[in-house]
Amino acid sequence: MKPTGIIILLLSGILLSACSVKPRPIQEGVDNCAFCKMTVMEKQYAAEIVTNTGKVFVFDDAKCMKIFIRENTIPREEMELILISDFNDPEQLLPADKAILFTSDKLRTPMNGKTVALSDSNALKALQESMEGTSSSVHEWLQ
């Protein structure tokens, strides 16, 4: 193979890997919210959007992500992944379409969004036993 062919293959590989679409762990005290610009201090309320080009937008509160999406800051067709931190396991980012959202006036979230994501109905039931609130899907919540 000619040297120029090798260089083209290497550059192609680098470009493809640079644009990988995958979630990035949210870093407390480091990441800033793409909407309100506040530093993420409590991961259990955080959310993340990854575009189809691999760009990551982090949010300190699900409310910030909701407004970001509603304002069409980036076109929805460019949003490859919409993820929300699991309230009970903040290291885990849940795909928004699989998460159960729980909203309660008793929740004190960073931007007063009062909404958290849960992984399953057992987690929802446990939270409902400790405070009043309503559950919804992301599609209902975004309306």
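Conventions and cut-offs
- Residues numbered from 1 in each chain as written.
- Predicted model: local features only at pLDDT ≥ 70, side-chain atom pairs only at ≥ 80, totals over all residues.
- Heavy atoms only, no water.
- Salt bridge = Lys/Arg side-chain N within 4 Å of Asp/Glu carboxyl O.
- Helix = DSSP H or I, 4+ residues; strand = E, 2+ residues; numbered from the N terminus.
- Phe/Tyr/Trp six-rings, centres within 6.5 Å; stacked < 30°, edge-to-face > 60°.
- Buried < 20%, exposed > 50% of the residue type's maximum accessible area, 1.4 Å probe, protein only.

**Q** Could you give an account of the pattern of salt bridges, naming the residues involved and the relevant values?
**A** On inspection of all chains with the given rule, the structure shows three salt bridges. Here Arg24 and Asp31 are joined by a salt bridge, their closest N and O atoms 3.3 Å apart. Between Lys43 and Glu91 there is a salt bridge; the shortest N-O distance is 2.6 Å. Highlighted residues: Lys43 in the loop between α1 (3-18) and β1 (47-51) and Glu91 in strand β4 (residues 89-95), separated in sequence by 48 residues.

**Q** Tell me about the packing of aromatic side chains, residues and numbers included.
**A** Inspection of every chain in the model, using the stated rule, returns three aromatic pairs. A centroid spacing of 5.2 Å and a plane angle of 45° characterise the contact between Phe57 and Phe68, whose relative ring orientation is tilted. In this pair, Phe57 is assigned in strand β2 (residues 56-59) and Phe68 in helix α2 (residues 62-70), connecting sequence segments 11 residues apart. When the centroid spacing of 4.9 Å and the interplanar angle of 65° are considered together, the rings of Phe59 and Phe68 count as edge-to-face. Classification of Phe59 as buried rests on a relative accessible area of 0%. Classification of Phe68 by relative accessible area gives buried; the value is 2%. Following the ring pairs from residue to residue traces out a cluster consisting of Phe57, Phe59 and Phe68.

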